[in-house]
2 protein chains.
Amino acid sequence: MAAMDFYRYLTLVLLLHMCSGLSLDTVREFLTREEDTIVFSLIERAKYPLNTPAYDPAAAAAAAGHLHNASFAEMFVRESEAVQAKAGRYQSLQEIPFSPFRVPFTLAPPFNFTRELYPAAAFVNVNDDIWSMYFNQLLPLLAKNGDDGNYAATVSSDLVCLQALSRRINYGRYVAEVKFIGDQQNYTTLIRNKDKDALMKLLTSEAQEDVVKRRVQKKAMVFGQNVTLDGPVETGNSNSSQANFEADPSLVYKLYDQWVIPLTKQVEVEYLLHRLD
Amino acid sequence: MAAMDFYRYLTLVLLLHMCSGLSLDTVREFLTREEDTIVFSLIERAKYPLNTPAYDPAAAAAAAGHLHNASFAEMFVRESEAVQAKAGRYQSLQEIPFSPFRVPFTLAPPFNFTRELYPAAAFVNVNDDIWSMYFNQLLPLLAKNGDDGNYAATVSSDLVCLQALSRRINYGRYVAEVKFIGDQQNYTTLIRNKDKDALMKLLTSEAQEDVVKRRVQKKAMVFGQNVTLDGPVETGNSNSSQANFEADPSLVYKLYDQWVIPLTKQVEVEYLLHRLD
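Predicted model only: the values in this text are computed from it and were never measured.

Engineer: Sorry if this is basic, but what is going on with the overall build of chain A here?
Structural biologist: Tallying secondary structure elements over chain A gives 11 helices and 0 strands in all. Secondary structure of chain A in N-to-C order comes out as α-α-α-α-α-α-α-α-α-α-α. Once local pairs closer than 6 in sequence are excluded, the contacts in chain A between residues at least 24 apart make up 76%. Within the structure as shown, chain A displays about 12700 Å² of accessible surface, and the carbon and sulfur contribution to it stands at 53%.

Engineer: Is there a simple way to think about the interface of chain B and chain A in this case?
Structural biologist: Put simply, an interface is often sized by how much accessible area is lost when its parts join up. With 59 residues of chain B at the interface, the matching set in chain A holds 58 residues. Where chain B abuts chain A, roughly 5000 Å² becomes buried across the two surfaces, and 64% of that area is made up of carbon and sulfur atoms. Where chain B meets chain A, there are 8 salt bridges. Where Glu246 of chain A meets Arg33 of chain B, a salt bridge forms, and the shortest distance between an N and an O atom there is 3.2 Å.

Engineer: I tried to follow the relation of the copies chain B and chain A on my own but got confused; where do I start?
Structural biologist: Both copies of the chain are placed relative to one another by a rotation about an axis and a shift along it. Each copy superposes on the other: chain B lies on chain A with an RMSD of 0.0 Å after a rotation of 180° and an axial shift of 0.0 Å. The transformation relating the two chain copies, once decomposed into turn and shift, fits a two-fold axis. Proximity to the rotation axis, assessed at the C-alpha, singles out Phe223 of chain B in chain B; its C-alpha lies 2.6 Å from the axis.

Engineer: Quick question: what am I supposed to make of helix α4 (residues 72-86) of chain B here?
Structural biologist: Owing to its 3.6 residues per turn, the α-helix brings residues three or four apart onto one side. Counted at 1.5 Å a residue, the expected span for α4 of chain B with its 15 residues is 21 Å, and the 21 Å between its end C-alpha atoms agrees. Buried within α4 of chain B are the following residues: Phe72, Ala73, Met75, Phe76, Val77, Ser80, Glu81, Val83, Gln84 and Ala85 of chain B. Contacts made by the buried residues of α4 of chain B are with α4 (72-86) and α6 (151-170) of chain A together with α3 (57-64), α5 (127-142) and α6 (151-170) of chain B. Gly88 of chain B sits one or two positions beyond α4 of chain B and adopts a positive phi of about 85°.

Engineer: What am I meant to see in the environment of Ala176 of chain B here?
Structural biologist: Residue and element names in this part refer to chain B. By the element assignment, Ala176 lies in helix α7 (residues 172-182). Note: C-alpha distance between Ala176 and Leu203 (27 residues apart in sequence) is 8.0 Å. Ignoring sequence-local partners within four residues, the contact set of Ala176 consists of Glu268, Tyr271 and Leu272.

Engineer: Sorry if this is basic, but what is going on with the pattern of salt bridges here?
Structural biologist: Proximity of charged atoms lets side chains of opposite charge pair with each other. In this structure the tally under the stated criterion is 36 salt bridges over all chains. Measuring nitrogen to oxygen at the nearest pair gives 3.1 Å for the salt bridge that ties Lys47 of chain A to Glu34 of chain B. Of the two residues, Lys47 of chain A is situated in the loop between α2 (24-46) and α3 (57-64) and Glu34 of chain B in helix α2 (residues 24-46); the pairing between them involves two chains. The exposure class of Lys47 of chain A is partly exposed, given its relative accessible area of 23%. Taken together, the shared-partner salt bridges in this structure form one network comprising Arg33, Glu34, Arg89, Glu95 and Arg167 of chain A together with Glu44, Lys47 and Glu246 of chain B.

Engineer: Before we go on, may I ask you to explain the nonpolar core in this structure?
Structural biologist: Burial of nonpolar side chains together is a common tendency in soluble globular proteins. Leu255 of chain A together with Leu255 of chain B are the most contacted members of the largest nonpolar core, which has 110 residues in total. Setting aside its immediate chain neighbours within four residues, Leu255 of chain B contacts Ile38, Leu42, Met133, Leu138, Leu165 and Val260 of chain B.

Engineer: Looking at this structure, I do not really get unusual backbone geometry. What am I missing?
Structural biologist: Peptide bonds are trans in most cases, and residues, glycine excluded, mostly fall at negative phi. Backbone geometry places Lys194 of chain A, a non-glycine residue, at a positive phi of 50°. Examined against the element boundaries, Lys194 of chain A turns out to sit in the loop between α8 (184-192) and α9 (196-203). At Asn51 of chain B, a residue that is not glycine, the phi angle is positive and equals roughly 55°. Locating Asn51 of chain B in the fold gives a position in the loop between α2 and α3.

Engineer: Is there a simple way to think about the packing of aromatic side chains in this case?
Structural biologist: Each aromatic ring pair is specified by the distance between its two centres and by the angle formed by the two planes. Residue and element names in this part refer to chain A. Summed over all chains, the structure comprises 23 aromatic pairs over all chains. Between the aromatic rings of Phe72 and Phe76, the centroid separation amounts to 6.4 Å while the plane-to-plane angle is 40°, which identifies the pairing as tilted. Here Phe72 and its partner Phe76 are both found in helix α4, 4 residues apart, which amounts to about one turn of the helix. Residue classification places Phe72 among the buried positions, given a relative accessible area of 0%. Relative accessible area serves as the criterion here: at 1%, Phe76 is assigned to the buried category. Pairwise contacts between aromatic rings join Tyr55, Phe98, Trp131, Tyr134 and Phe135 into one cluster.

Engineer: Before we go on, may I ask you to explain the packing of α2 of chain A against helix α7 (residues 172-182) of chain A in this structure?
Structural biologist: Working note: a packed helix pair is described by the angle between its axes plus the distance between those axes. Residue and element names in this part refer to chain A. Relative orientation of the contacting elements α2 and α7 amounts to 160°, with a least axis distance of 10 Å. Classified by the interaxial angle, the pair formed by α2 and α7 is roughly antiparallel. Every pair of crossing elements has a handedness; the one defined by α2 and α7 is left-handed. Of the residues in α7, those in contact with Leu24, Val27 and Leu31 of α2 are Tyr174, Val175 and Val178. For the contact of α2 with α7, the residue count by class is 6 nonpolar, no polar and no charged.

Engineer: How should I be thinking about the environment of Val155 of chain B in this particular structure?
Structural biologist: All names here are of chain B. Note that Val155 resides in helix α6. Judged by its relative accessible area of 1%, Val155 is buried. Setting aside residues no more than four positions away along its own chain, Val155 makes contact with Ala54, Tyr55, Phe72, Ala73 and Phe76.

Engineer: Hey, could you run me through the state of the cysteines in this one?
Structural biologist: Among covalent bonds in proteins, the disulfide is the one between the sulfur atoms of two cysteines. Summed over all chains, the structure comprises 0 disulfides over all chains. Here Cys161 of chain A stays free of any disulfide, with the sulfur of Cys161 of chain B as its closest cysteine sulfur at 16 Å. The class for Cys161 of chain A is buried, based on a relative accessible area of 1%.

About the criteria used
- Residues numbered from 1 in each chain as written.
- Chains lettered and ligands numbered in written order.
- Predicted model: local features only at pLDDT ≥ 70, side-chain atom pairs only at ≥ 80, totals over all residues.
- Heavy atoms only, no water.
- Helix = DSSP H or I, 4+ residues; strand = E, 2+ residues; numbered from the N terminus.
- Contact = heavy atoms within 4.5 Å.
- Areas by Shrake-Rupley, 256 points an atom, 1.4 Å probe, with all protein chains shown as cover.
- Buried area = accessible area lost by both parts, 1.4 Å probe.
- Salt bridge = Lys/Arg side-chain N within 4 Å of Asp/Glu carboxyl O.
- Least-squares fit on C-alpha atoms with pLDDT ≥ 70 in both.
- Expected span 1.5 Å × (residues − 1).
- Buried < 20%, exposed > 50% of the residue type's maximum accessible area, 1.4 Å probe, protein only.
- Core = buried A, V, L, I, M, F, W, Y, C linked by side-chain atoms within 4.5 Å.
- Phe/Tyr/Trp six-rings, centres within 6.5 Å; stacked < 30°, edge-to-face > 60°.
- Axes fitted to C-alpha atoms, helices over the stretch in contact; angles between N-to-C directions.
- Parallel < 35°, antiparallel > 145°, perpendicular 65-115°, else oblique.
- Left-handed = near helix turned anticlockwise from the far one by under 90°.
- Nonpolar A, V, L, I, M, F, W, Y, C, P; charged D, E, K, R; others polar.
- Disulfide = S-S within 2.5 Å.

In structure tokens form, the structure reads like this:
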């Protein structure tokens, strides 16, 4: 009995150590700060019109003079991520590339990252879903119709949006780790039973989700307004017309409601299902 | 005399055509919108600590295992700009790379850009000054001390700052073009006399500069605040403590006062000196 208590204690200490620096507070702080990054990136993308040729494989084929399956945007992301990989971006587990490659990093000065995730579950991510949601659903609602030819600058800002969304949504792994550590007994039972529905229920807080959705909508109003020296400042508390903002606040609400929060929870459940592997 | 009037008229028509779409209003609108981009990019860079090893050639040499003259940041910018060049970013004269290369673009769908600048003066830019100002003066004041190892993400956000500053400052060429078209007689005399001081005086509006500086400071307060659902919203009109903002508003004021505006005017003068070549 004494031995069992000792091992129980030792396990707890080891787990807490592995999870050093992670707490519900630091996780929430990270997610709140990422909201700003996401809203900024959407506003910056909305500066450019839709620029359809950048997303059309046929246009890329015409430019290259031969058949292509990939759009200009896909090729741009792949080449940019190759540079980022070489520069060690994906040494941090917080960053996950959309392109299916890994190159050994050669350029970056070395750094010993804290490993806060459970190794067997760290691979979990929903980048494929994020990619398809972004290009097929979000982008047509975000960008105005038109073509100004700034394809490279445009897809460059797409990549910033994708990276911000990916970092935020796949951070669900960190959220799940903290929740697991805080309530190991309950989670362990559900994980052993592979009970996805019960896991989803246990990690859901509708009140918290509601706060997040209303806050990002407000951020879209505050950050996306036209600031003048003498005019009044939009505080995000009124029912201002949506037309005055760089990125439609109700679209940012919808982004979180329909995609960011559900996908994050999908990541959390997937991570937990591998948490005892 | 009639013939001379005809050619005078023709010249005016041709110049106005060349300058299609450019007016003092569209130029001001562009510059005002770029302020948001610059403030967002500074806030995003300030999210990361200084991360000194990314800027130290010795650290890059240690990582590569052999001697290097370039820092990690320099190598990263060079490789990223190579991808951007291949993607046709610099087909638009609004974008100027920091690295001294040009590759024929191969990836981008073709687009016929309007040429709004006078060809013999379009090359003018101060990217070398922007580079040195950014890394040596601005960055140490912008980023907090510390090292979190996210070197690739950090220098990636440096590149976004550099691109925004370069686009804004080198847009001085467009500003000068519009001013020249609007007052050809006076500018032509000063350009023929190579009278830099008089040119600088003619294109300077201190009242307008003052508005810009105070507006970007306000933007740093509005965009860099911590937005909460219930708390009050920072309107940028009060004398709030600087410590509460993601990027110090007084630093953003200083950036425009000491570097952005003077460098833009330097670009304007240089452009004008080549405007009759």
